[in-house]
Structures are given as structure tokens and as C-alpha cells.
Amino acid sequence: MCGITGYVGAREASEVILQGLHTLEYRGYDSAGIAAFANGNLAVVKAVGKVQNVEEKVKALGTLNGAHCGIGHTRWATHGAPSDINSHPHGNERIQIVHNGIIENYAPLRAMLQKNGYTFVSETDTEVAAKLIDYHYANCHDRADALIAAMRDIVGSYAIAVLFADCPDTLYAIRKDNPLIVGVGEGESFVASDIAAVLRYTKNYYQLGDHQLAVVTKDRVSILDMEKTPVEHELLTATWSIEAAERGGYAHFMIKEIGEEPEAIEKTLRPRIKDMLPCFEEEGLDDSRLAGIKSVTFVACGTAMHAGLVGKTVIEKLCRVPVNVEIASEFRYNDPILNKDDLVVIISQSGETADSLAALRLAKEKGAYTLGIVNVIGSTIAREADDVIYTWAGPEISVASTKAYTVQISLLYLLSIRMALAMGKLTEDAARSYTRTLYEDMPRIVREAIALEDEVAEAAALFCDYEDLFFIGRGIDYHLAMEGSLKLKEISYIHSEAYAAGELKHGTISLITEDMPVIALATTSPLYEKMISNIREVKARGAEVLLITREGAKDAADEAKKVIYLPNCSELFSAIPLATILQLLAYHVAAKRGCDIDKPRNLAKSVTVE
Ligand code: AGP
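Described in the following lines is the structure provided in the data block. This one's a predicted model, so the numbers in the text were calculated from it and none came from an experiment. (Residues numbered from 1 in each chain as written. Predicted model: local features only at pLDDT ≥ 70, side-chain atom pairs only at ≥ 80, totals over all residues. Heavy atoms only, no water.)

## A closer look at the packing of helix H13 (residues 403-422) against helix H14 (residues 428-450)
Rule in force here: Angles here are taken between N-to-C directions and fall from 0 to 180 degrees, while the axes themselves are lines fitted to C-alpha atoms, restricted in helices to the stretch in contact. Strands here are runs of E lasting at least two residues and helices are runs of H or I lasting at least four, both read from the DSSP assignment and numbered beginning at the N terminus. Put simply, angles under 35 degrees are roughly parallel, angles over 145 are roughly antiparallel, angles from 65 to 115 are roughly perpendicular, and the rest are oblique. For this analysis, residues touch if any pair of their heavy atoms sits within 4.5 Å. Note on residue classes: Ala, Val, Leu, Ile, Met, Phe, Trp, Tyr, Cys and Pro are nonpolar, Asp, Glu, Lys and Arg are charged, and everything else, Gly too, is polar.
Relative to each other, H13 and H14 sit at 170°, their axes nearing to 9 Å. When the axes of H13 and H14 are compared, the pair comes out roughly antiparallel. Of the residues in H14, those touching H13 at Ser410, Tyr413, Leu414, Ile417 and Leu421 are Glu428, Ala431, Tyr434, Thr435 and Leu438. Taken together, the residues of the contact of H13 with H14 break down into seven nonpolar, two polar and one charged.

Encoded structure:
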């Protein structure tokens, strides 16, 4: 939700921190700030608005010049509107902190602190955390003990970096349920929400665990648990180059990431295919485990939940076991009925989504076997699920998820084939044939879908001036319609709705007029004629129709104002190129409307709060 970073070493701290904050802006960008030791003082510069505003203020004030140890923050507001005073860092002359997460019990803590003489200037929960640490430090006179005492008091989620005024060459960091890495360089060290923030300086990092405390100087990193016992950590190496995390010449991260889909699919599937059959044994999913699954529940949010809908369609088709798809924020409060033979799959690009993490923990409490499908190595969901299958989509910076979704559904196809084989629902020959099509054909077919970009951009021109529209589809096309609708809404701000095409006549068709265009998805042959009937129904009421269908679809050109034909592909897998087309459509509509495509208003890339 927010991005934090910190530096200690020989470089100009403000430069390193600002660089990191620019990279972290995808996590939130409504205000930002830096605290650093300069000229013997703990100096703070912060401002509402994007990181650029702080950068200009730092240059103008010069108060951070010469600092070699500091912390920084870019915010997505949760407690307190975006403002200068609510911007991080928070603290007083003795301590400054930056925080990502939510202190749920900030009110009683603030009351206790006020009783002990503390005053507060902001509306934030973070200021309470800062003064809580200060309170403990004033009582115990040990920085580590103060931080541990604060962790014991705090209820909520946090990744916090801390500067103590009386210890000007050391960064402290604590975390629970929010990501925090400790970067290790030559004579310099870093803390950050995401390795991308420090990749230009080092690829080596530790992933701080929950309820752990990092004590970081330029030459040494110590990680302690709540008993101040040193904790051994594996030094990880980021596989992402800084270029991979930067735009590489594209107009937006989103279009860059769509372009990466063929390679991302291939990279993700390749390690899970042996002898041209799916193989997930390295992820702990052998045939005995898969064959014993009685039901599957996908739990996720937003686009990741829509990937679960595709997984449902494919697993029920190939494996004939019941599949539920649950919105994580609902699942976690619905007291779900789960048993030990139930597979609960948490899909999450970031691996830090608070609702999905809570759902994972609830499923584990109820004894279900939990599997994470996650894109970020070492993220909380990845570490807490019983097993995890990583998607190798690489860093997804644009707030709108594209390649992560396309890779998630590709992976779910592969997993479904293995499950069906393990359950005896597919012969080995059939499984191998499906796998070959998926692995050998789909990256090429997605490239062909991307090559349709100009045609899709033309179609986008039909819709960019509307404020409302419908997506309609049947079966898996209805699930893709939901994802297409979300993509369009979140980046173009057009209000769109995905509707089961057969359901329109039960009320919603009353909304169809010449001012309500319709995007119809018809990629499955058995339902094509039904879809044509639905298209005729909405056309009769004045709607302009864009039809996205398969090559050779009967009389398609006569049925719609504009038709986009998918590249020729196996019908079972048509959801994959269709996803790419829908992402391109949303992108070009938003581009024509001049929207801030990579950072849509009100949104953040990783929603680590409820
Ligand atoms: C995707 O376009 C959205 N920005 C959003 O719905 C996202 O998919 C959702 O917040 C889940 O995120 P996760 O995959 O990181 O858990």
C-alpha cells in the first residue's frame, strides 16, 4: 500500500532514497517524505503529492545535504487524508519512522501515550507507532528492546523503518504482514518494501520475517527475533535487472508488461513440464496429492479472482471436481466450510494482499491444504501457504494487472491438465497433446494477439467517448468479460459492467440504448449462436456492438459494428489470447481518454490493508 526505503553508506542518502521512492511509487503516491541525519541533526523533508514534490523540496532546502543515513516513504493514505502533516516520516526530535500497513489499535495506544504526556499533530496511526517506540525507549533505554516492546503492543500490520537521533549511523526495521527487505551492498546497506527500490545498487537481500527486527549499519546486518536471538537468513539474489523494473522505452509500464506476456508464459510453464507433461512435484503437488482432491476453492481479489474463474471452468471441464471461486474479503468473514481434502488456492500477484493473506490463514486454521500462486518471491502468502507455485512474470509495476493474470491462467491450465491426468480423467496422450498446445502454441498465439494492437486501438476509438458500457459473454467468455470490464474501469474510468449474456433479458436490457455500447465475447463454438441472438437483442435497442470472436465465426461481420478475430487457436485455450486483446482494448481506450494509465486515481498496486 505504501512504499518505504532506507539507506546507510557512503553515498548521498537523499539521492539513494529518492531514487528508491520513484521506483516504489506504484505502491502509493499521494504524499512522500524523507528523514536523514545531516549536520548532526535528524532532519525531515516531506510533502503532499508525488515523490517529485519532495525531490524539489529537498533540493530547495538543502537540509539533507551530506546525509549518509536516512529513510523515506511514499504513501497511499489509509488514516488521514493526503496532506503535508500526514505525510511520513513521523516522530519527534528523538525518533523518526516510516511505515507501511495499519496499526489497528492506534486509538487506545494514542490514549495511553497522551496520558503519558505525548501530543499528536497528525491523524495517522503511524505517528502513534513512532511515539510508542519513543515511549518504550525512554523507559528501557535500549533501542532493540523498545522496538520489541512496540511489536508486542501493536495489533495490525506493519513494515517500519526507524531512525533514532542518538544512533546516527544505524537503520532499524521491524515488520509483520507487510513486505520488507534488507539490501546488502559493498560498504552500504538498504531497507525497502520491494527489492526493485534498491536494484540499481545491489541484487542481494534478506527477506525480513514477521516479528523480526533488523539492525542495519553500512557494514553489518543483524536480524533478531522477539527474544533478541539472532535469526539466520538466506541471502537471496534478485533475478530481476533494474531495466526489467523500468519502462524500457514503452509509453507505459502496462503496455510493456502486456508485451512481455509470451515470454512470461513460456518462462512460467517451462520448469513445470517434463516429457511434455505437466509436473508440479517440485512444488509438492505429486499425483497422490492431486488425485485425492475432492474440491477446489480459489480465493483472491480483483483480477486474481478472475483468474480463479478461468481455473474453475477448466478444472470442472477436465477434472469433474467442484470448484468454488471466492472473493477473499468475503471468504474471510463467511466462516467457510472446508475439510482436509479441500484444496484452497490463493492467487496473488503481490503475495501481500491483506484480504487474500487473511483468507489463507483462515483456510489453514480450518485444516484445508493451501496452495499459493504468487508472483513475488518470498512474499508473505508465498511463505505461509503449505505450498507455492511461483509465476515467473517478472516485476509487474503497472497498477492494472496484465501479464500476471495471463500467466496465472496459463499456469492454471497446466495444473488442471496434471490434475485430470492424476485423477484418470485424461489419458497420458491427451494430457501430452494439451500440454504441447499450451506450451508450444500459446506464446506464439499471444504474440499474434499483441500484433492486433492497431486493430484493437481502432476498436477502442468506438468507446472512448462513452461513460457507460456493457461486456457480455457466456461460459468462460463471461469470466473474461468480468476481467475485461475491470481492466477498462480501473484505467479509463468508464463505468462498465460484465453480464452473463443470457441474463440480460431478465431486467438489465432496459439499460440498453444507443448510448450504451456492448462488447460481446463469443469464442466458444457451442454458445456462438446464442451469443449472436443476444447481440441482435441489444442491437435492436440501439447498441453499438464490438464482437470479439474466433476466426471463421459464421457471418460475424454482419452482426456487429466492429469484429476482432482472435488468432487461430485451440478453443480450450482461447481465454489466453482473449485476455491479451481485452487488456489492449482497455489500454487504448484509457490512452485515448488521456488517463494516468500506470497510476490510476485512488488505486495502489498492492492492497495490504483491509
Ligand atoms: C488488477 O488489475 C487490480 N489492480 C487488482 O484487482 C488486483 O488484481 C488485486 O488487488 C489483487 O492483487 P494481488 O494479485 O496482488 O493479490
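After presenting the structure, the write-up continues.
## Observations regarding the environment of Ala591
The residue Ala591 is located in helix H19 (residues 575-592) in this model. Distance from Ala591 to Ile223, taken between C-alpha atoms, is 46 Å for residues 368 residues apart in sequence.

## A word on the site of the ligand
Quick reminder of the rule: Any residue with a non-hydrogen atom lying within 4 Å of a molecule or strand is treated as near it. Pairs of N or O atoms within 3.5 Å make up the polar contacts considered here, provided that, within protein, one atom can donate a hydrogen while the other can accept it, and that residues adjacent in sequence are counted only when both atoms are side-chain atoms. For the area figures, the Shrake-Rupley method with a 1.4 Å probe applies, and any residue is considered shielded solely by the protein chains shown.
Contacts to the ligand come from 14 residues, most closely from Ser348, Gln349, Ser350, Thr353 and Glu490. Taking Thr303, its main chain carries an N or O atom lying 3.1 Å from an oxygen atom of the ligand. Here an oxygen atom of the ligand sits 2.7 Å away from a polar atom, N or O, in the main chain of Gln349. Summarising the interface, the protein chains cover 90% of the accessible area of the ligand, which totals 410 Å² for the free molecule. Of all the secondary-structure elements, those providing two or more residues to the shell around the ligand are helix H9 (302-319) and helix H16 (476-492). Taken together, the residues of the shell around the ligand break down into five nonpolar, seven polar and two charged.

## Description of the sheet that holds strand S12 (residues 212-216)
Keep this limit in mind: Pairing between strands requires that DSSP locate at least two bridges from one strand to the other.
The sheet built from six strands is open, its strands ordered S5-S6-S7-S8-S12-S13 with antiparallel pairing. Each having just a single partner strand, strand S5 (90-91) and strand S13 (221-224) make up the two edges of the open sheet. Here four bridges tie strand S7 (residues 156-164) to strand S8 (residues 171-176), and the two strands are oriented antiparallel to one another. By the bridge assignment for S8, Ala161 is matched with Ala173. Packed on one face of the sheet, helix H4 (residues 125-140) meets S5, strand S6 (95-103) and S7 and runs near 125° to S6. Helix-sheet contacts for helix H5 (residues 143-153) involve S7, S8 and S12, and the interaxial angle to S12 is about 150°.

## Focus: the side chain of Thr406
In this structure, Thr406 sits in helix H13. For Thr406, the side chain forms a polar contact with the side chain of Glu261, separated by 3.0 Å.

## Remarks on the packing of helix H3 (residues 106-115) against H4
What counts, and what does not: By definition, turning the near helix anticlockwise from the far helix through less than a right angle yields a left-handed crossing, and turning it clockwise yields a right-handed one.
Running from N to C, H3 and H4 point in directions that differ by 45°, and their axes come no closer than 9 Å. In terms of orientation, H3 lies oblique with respect to H4. At the point where H3 passes H4, the crossing takes the left-handed sense. Between H3 and H4, the residues in contact are Tyr106, Leu109, Arg110, Met112 and Leu113 and Asp125, Val128, Lys131, Leu132 and Tyr135, respectively. When grouped by side-chain class, the residues that make up the contact of H3 with H4 number seven nonpolar, no polar and three charged.

## What to know about unusual backbone geometry
To keep it simple, the criterion reads: Only protein chains enter the accessibility calculation, which uses a 1.4 Å probe; a residue whose area is less than 20% of its type maximum is buried, one above 50% is exposed, and one in between is partly exposed.
His88 connects to Pro89 through a cis peptide bond whose omega is 5°. Of note, Pro89 is situated in the loop between strand S4 (69-75) and S5. Unusually for a residue other than glycine, Asp555 sits at a positive phi of about 55°. Position of Asp555 among the secondary structure elements: in the loop between strand S25 (545-550) and helix H18 (556-559). Even without being a glycine, Asn602 presents a positive backbone phi close to 70°. Topologically, Asn602 is positioned in the segment after H19. In this structure Asn602 comes out as exposed when scored by relative accessible area, which is 63%.

## A look at the environment of Gln96
Tracing the backbone shows Gln96 in strand S6. Owing to a relative accessible area of 8%, Gln96 belongs among the buried residues under this scheme. Sequence-wise, Gln96 and Glu559 are 463 residues apart; in three dimensions their C-alpha atoms are separated by 64 Å. If near-sequence neighbours (up to four positions away) are discounted, Gln96 is found in contact with Ala35, Leu42, Val44, Ile71, Pro89, His90, Gly91, Ala161, Val162 and Leu163. Only 3.2 Å separates the side chain of Gln96 from the backbone oxygen of Asn92, close enough to count as a polar contact.

## Describing the nonpolar core
Put simply, the test is: What is meant by a nonpolar core is a set of buried Ala, Val, Leu, Ile, Met, Phe, Trp, Tyr and Cys residues, joined one to another through side-chain atoms within 4.5 Å.
Counting 96 residues, the largest nonpolar core has Val296, Tyr413, Met419, Leu480 and Ile548 as its most contacted members. It is H13 that provides the largest number of residues to this core, a total of 13 residues. With near-sequence residues (within four places) excluded, Tyr413 lies in contact with Val310, Val314, Leu438, Ile476, Leu572, Phe573, Ser574, Ala575 and Ile576.

## Structural notes on the sheet that holds strand S20 (residues 369-374)
In space, the five strands of this open sheet follow the order S18-S17-S19-S20-S21, with parallel pairing throughout. Here the strands that pair on one side only, and so sit at the sheet edges, are strand S18 (323-327) and strand S21 (387-390). Neighbour-to-neighbour, the strand axes of this sheet turn through a mean angle of 20°, independent of strand direction. Direction of pairing for strand S17 (residues 295-300) relative to strand S19 (residues 342-348): parallel, over a ladder of five bridges. By the bridge assignment for S19, Thr297 is matched with Val344. Its contacts with the sheet put H9 on S17, S18 and S19, and the angle it makes with S18 is roughly 170°.

## Examining helix H17 (residues 528-539)
Our working definition: One less than the number of residues in a helix, times 1.5 Å, gives the span that helix is expected to have. The arc in question is the one spanned by the directions pointing from the helix axis to the C-beta atoms.
Taking 1.5 Å per residue, 12 residues should reach 16 Å; H17 reaches 16 Å between its end C-alpha atoms and fits that length. Inspection of H17 places Tyr528, Met531, Ile532, Asn534, Ile535 and Val538 among the buried residues, and these make up the whole buried set. Along the axis of H17, the buried residues cluster in a sector spanning 160°; they form a single face. Residues of H17 that are buried sit in contact with strand S22 (468-473), strand S24 (518-522), S25 and H18.

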